[in-house]
Amino acid sequence: TYMGEHRIDAFKLVQQLRASGIRAGMDHCNRSLKAQFKFANKQHAPICATLGDEEVLNGTVRLKFMEESREDTVRLEECADTVLASLTRKTAIES
């Protein structure tokens, strides 16, 4: 998800996630954050990542686990592993 002026940071995050085998995308329509979450929900995205000023400054990313209505902040370098672990748990539970 793209927030504010950190488009390049968001693009790098998308690339990092894709390199780890995670299907990822970002908003290119400059929609509001609320609209982006609504769109992600319609797409059945299990997790949304957001980057804002504070996250970029601290080297973190905010993850929103859509089905659980839970949020967590993780280090950028841990993002892909956290997402993969969550998706793996979700898949194991559904099996």
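Now for a look at the structure at hand. (Residues numbered from 1 in each chain as written. Predicted model: local features only at pLDDT ≥ 70, side-chain atom pairs only at ≥ 80, totals over all residues. Heavy atoms only, no water.)

### A few points about the packing of aromatic side chains
Right, so step 1: One pass over the full model with this rule turns up 0 aromatic pairs.
Right, so step 2: Residue placement shows arginine 31 over the ring face of phenylalanine 39; its charged tip is 4.5 Å from the ring centre.
Right, so step 3: Above the ring of phenylalanine 37, the side-chain terminus of lysine 64 is found at 4.4 Å from the ring centroid. (Phe/Tyr/Trp six-rings, centres within 6.5 Å; stacked < 30°, edge-to-face > 60°. Lys NZ or Arg CZ within 6 Å of the ring centre and 35° of its normal.)

### Describing helix α2 (residues 33-42)
Right, so step 1: Gln36, Phe37 and Ala40 are the residues of α2 that are buried. For α2, the arc enclosing every buried residue in end-on projection is 100°, short of the 170-degree limit, so these residues lie on one face. Every exposed residue of α2 that faces more than 90 degrees away from the buried side is listed here: Lys34, Lys38 and Lys42.
Right, so step 2: On its buried face, α2 is in contact with β1 (47-50) and β2 (60-65).
Right, so step 3: Following α2 by one or two positions, histidine 44 has its phi on the positive side, about 60°. (Buried < 20%, exposed > 50% of the residue type's maximum accessible area, 1.4 Å probe, protein only. Helix = DSSP H or I, 4+ residues; strand = E, 2+ residues; numbered from the N terminus. Arc of directions from axis to C-beta. Contact = heavy atoms within 4.5 Å.)

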